[in-house]
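Report on the structure
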Amino acid sequence: MAEIEIKGVAKVFGAFTALHSIDLTISDREFVVLLGASGCGKTTLLRIIAGLDSPTKGEVWIGGRRVDMLPPRERGISMVFQNYAVFPHLTVFENIAFGLRMQRLAQAEVTRRVTRTAEIMHIEGLLKRYSGQLSGGQRQRVAVARALAMEPDVILMDEPLSNLDALLRLEMRAELKGVLAASKTTTIYVTHDQVEAMSLADRIAVMHGGDIVQAAPPVEVYRNPAARFVGSFIGNPPMNFLPAAAAGEGCWQVAGLTFDGPRADLPQIEFAIRPEDLHPADHGFLAEVRVVEPLGPHILVTATVAGVVLRAVLDSTLALAPGDHITLSPVSDRIRWFDLNTQKAIA
Amino acid sequence: MSETTVRRAGNRVFVAAVVLACVWVLVPIYLLLVNALSAPAEVTGFPKRFWPSFDLASIRFFLGFRGVTSALWNSVQVAVLTMVMAIAAGAPAGYALARFDFPGKQLFRFMVVMTRAFPLPLLALPLAVLFIRVGLDDTVLGLAFVHTTLALPFAVLITYSLFSGIPYELEEAALTLGCNRVQAFLKVVLPLAAPGIAASAVFAFVISWNEVFASAVLTIEHRTLTAFLLQSLDVSPLPLKFAGGAALVLPALGFIFAVRKYLFAMWGIANR
């Protein structure tokens, strides 16, 4: 059992506050992805959980034990680093065995575990090699095998796929998902790649400016962004935002159309819609097409509506050219509203 | 003049400069070797032969000369002590510079280099007085202390660049795999740094081996080879000078040649 609880964790580097006050509970065997742009604090949070950095404030609990004062080796974690950190002076076998030897396990047990994890990661043929004789993808496999061999309660991964080329990344992603699910560990995975986050996570914690802005299952994060940032960060192309003006009780005027919206007295709110939730119709936003980009099954249309840029993903059979006028109608149950003052979603 | 002629002329100047530099370094070493390996009669005679006669009489005479063997032994002792002390003090400093941010780091790095700004003659006299007062005068240990001071900046800088070249991630990986800080250093950093540390040690050895001024001022009975030769230079016969010179130059040359790639790394020219 390795539930992880992060309570009010803050980290200050001199004048810079990397983490404000993070609260996050991760259940046993859950796969949580920390997602955010560089500098959002996701790696700092991971390093604090690992024990490689200490929090300025707050507590970290793993498996019901407070660990924030303990060194990394006493936390029951293993970590996979961005640059793999495979020891160059040791063979692949000794790399994977490194942590087991530190635990003074018997040689037979060491060999058994190394062989087994090497098989899982498909590197059983490389055990006698040194890191200098391996490709990037193979080093990545060694790093994961080394972490798995420890049979930890928690595996922490810091952008493990970011140094691989696109095809290899796709392959490793699918493989990692299977391997980690089978290993029954709790996993925290840091990435800036939203596709990676979507495909791997049980739950995504979106981070921005040292805060977790939303922690929810992937589809929930995509469909119901809790904050404007989440909508603008997740999804490619991102969500469209249009300013809304009050037009009576629960009615809002957006680019010449009136919608039923939140019944609240808010000075500034925004209307939001995903690009794939806009469809050509007789009644809708009057848009002038600026750019048309064919994407195979779809076309990505960049248009302006009342002076605001709007993107729509439309069927590729549609013949559109820059300068054309088109009427786009939003799918009504996909419309979301954001309060511009708090930047939060309005329920 | 066409472009190719200009380039060819430039090439010629470059080659000439390289040849000149090589001659500048190699001719004295060549003369030293030839004369050291010739019979005493040939050393004083003229014209010289291109190949030495490999007569070991000069060397034998040199080694048999009163005081030479003990001076040689003193040199080795001082150099080994210098080597040990320079690495013992320099490597931790280099590690700290490479791994930690601490207040005054820039100043510290500057001061390390600054120690070489004071001319040794300026320091030698006060040092001699101090050494006499504390009883370190004319001892191998006292001289090794002075040589350590000379070698330390290089030891710090070489090990600093060495440790900087070993990713910190490797140590962190070791920490997550069950090591404490000391174990992470011993099991991961040290094996990777060992060849470079050895090179830095050899460099300290050579600095001490070649140093003459402090040795001449601070020792009387327990002279090192350099100080001994300096003292007896004008009174000793030519074969002795050549053999002594060769005995001084060759080990230094051999050592430096063996560890050259690590010394280049110190200046950031190449790393491995």
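Note that the structure is predicted; figures quoted are calculated from it, not measured.

**Structural notes on the overall build of chain A**
Scanning chain A from N- to C-terminus turns up eight helices and 19 strands. The buried share among the 347 residues of chain A stands at 40%. If you take every contact in chain A between residues at least 6 apart in sequence, the share linking residues at least 24 apart comes to 62%.

**Here's the deal with the overall build of chain B**
Assigned secondary structure in chain B consists of 13 helices and zero strands. For chain B, the N- to C-terminal ordering of α and β elements is α-α-α-α-α-α-α-α-α-α-α-α-α. The C-alpha extent of chain B, read off along each of the three principal axes, is 70 × 70 × 35 Å. For chain B, the residues scored as buried account for 36% of the 272 residues in total. A separation threshold of at least 6 residues defines the contact pool for chain B, and within that pool the share at least 24 residues apart is 74%.

**Brief notes about the packing of helix 2 (residues 92–102) of chain A against helix 4 (residues 136–149) of chain A**
A pair of packed helices is captured by two measures, namely the crossing angle of their axes and the spacing between those axes. All names here are of chain A. At their nearest, the axes of helix 2 and helix 4 sit 8 Å apart, and the two run at 30° to each other. By the criterion of interaxial angle, the relationship of helix 2 to helix 4 is roughly parallel. Handedness of the crossing formed by helix 2 with helix 4: right-handed. When helix 2 is examined against helix 4, the residues V92, N95, I96, F98, G99 and L100 are found in contact with a partner set consisting of V142, A145, R146 and A149. Residue classes in the contact of helix 2 with helix 4 are distributed as seven nonpolar, two polar and one charged.

**Details of the nonpolar core**
Residues L156 and V206 of chain A together with A155 and A204 of chain B are the most contacted members of the largest nonpolar core, which totals 124 residues. It is helix 9 (residues 181–210) of chain B that provides the largest number of residues to this core, a total of 14 residues. Once residues within four sequence positions are removed from consideration, A204 of chain B is found in contact with T82, M83, A86, I87, A151, F154 and A155 of chain B.

**Some words on the sheet that holds strand 1 (residues 4–13) of chain A**
Residues and elements named next belong to chain A. The four strands lie next to each other as 2-1-4-5, forming an open sheet whose pairing is antiparallel. For this open sheet the edge positions go to strand 2 (16–26) and strand 5 (65–66), each flanked by a neighbour on one side alone. Pairing geometry for strand 1 and strand 2, over seven bridges, is antiparallel. Residue I4 lies in a different strand from strand 2, and its bridge partner there is I26.

**What about the sheet that holds strand 19 (residues 336–339) of chain A?**
Two modes of strand pairing occur in sheets, parallel and antiparallel, and in both the strands are linked by backbone hydrogen bonds. Residue and element names in this part refer to chain A. Strand order across the open sheet formed by five strands is 13-12-11-14-19, with antiparallel pairing between neighbours. Each edge of the open sheet is held by one strand with a lone partner, namely strand 13 (257–260) and strand 19. Neighbour-to-neighbour, the strand axes of the sheet open up by a mean angle of 40°, direction not taken into account. Here two bridges tie strand 11 (residues 240–246) to strand 12 (residues 251–254), and the two strands are oriented antiparallel to one another. Note that in strand 12 the partner of A246 across the bridge is W252.

**Re the interface of chain B and chain A**
Of the residues lining the interface, 14 residues belong to chain B; the matching set on chain A comes to 19 residues. Elements with a contribution of two residues or more to the side of chain B that touches chain A: helix 8 (168–176) and helix 9 of chain B. Among the elements that make up the side of chain B that touches chain A, the one with the highest residue count is helix 8 of chain B (six residues). Looking at the side of chain B that touches chain A residue by residue, the class counts come to nine nonpolar, three polar and two charged.

**Quick look at the pairing of strand 17 (residues 308–315) of chain A**
Residues and elements named next belong to chain A. Looking at chain direction, strand 16 (residues 298–305) and strand 17 are connected through eight bridges and run antiparallel. In the strand pairing of strand 17, A303 is matched with L310. Between strand 16 and strand 17, which pair antiparallel and follow one another directly, the connecting turn spans two residues, one of which, A306, has a positive phi of 50°.

**Side note on the domain arrangement of chain A**
Residues and elements named next belong to chain A. By the assigned domains, chain A splits into domain 1 (4–232) and domain 2 (237–339). One C-alpha centre belongs to domain 1, the other to domain 2, and the line joining them spans 39 Å. In terms of residue class, the side of domain 1 that touches domain 2 is built from one nonpolar, two polar and one charged.

**Details of helix 8 of chain B**
Residues of helix 8 of chain B that are buried include every one of L170, E172, A173, A174, L175 and T176 of chain B, and no others. Of the residues flanking the end of helix 8 of chain B, it is G178 of chain B, one or two places downstream, whose phi is positive at about 110°.

**Comments concerning the pairing of strand 8 (residues 186–191) of chain A**
All names here are of chain A. Taken across its six residues, strand 8 has six buried, putting it largely inside the fold. Along strand 8, one buried face is formed by T186, I188 and V190 and the opposite face, lined by T187, Y189 and T191, is buried too. Here strand 3 (residues 31–35) runs beside strand 8; their pairing, made up of five bridges, is parallel. Its bridge partner lying in strand 8, L35 is registered against T191. Two strands pair when backbone bridges link them, and strand 7 (residues 154–158) and strand 8 are joined in this way by five bridges, in the parallel orientation. Following the sheet pairing, D158 is matched in strand 8 by V190.

Thresholds, definitions, all that
- Residues numbered from 1 in each chain as written.
- Chains lettered and ligands numbered in written order.
- Predicted model: local features only at pLDDT ≥ 70, side-chain atom pairs only at ≥ 80, totals over all residues.
- Helix = DSSP H or I, 4+ residues; strand = E, 2+ residues; numbered from the N terminus.
- Buried ≥ 20, exposed ≤ 12 C-beta atoms within 10 Å, placed from the backbone.
- Contact = placed C-beta atoms within 7 Å.
- Axes fitted to C-alpha atoms, helices over the stretch in contact; angles between N-to-C directions.
- Parallel < 35°, antiparallel > 145°, perpendicular 65-115°, else oblique.
- Left-handed = near helix turned anticlockwise from the far one by under 90°.
- Nonpolar A, V, L, I, M, F, W, Y, C, P; charged D, E, K, R; others polar.
- Core = buried A, V, L, I, M, F, W, Y, C linked by C-beta atoms within 7 Å.
- Pairing = 2+ DSSP bridges.
- Domains from an automatic or database assignment.

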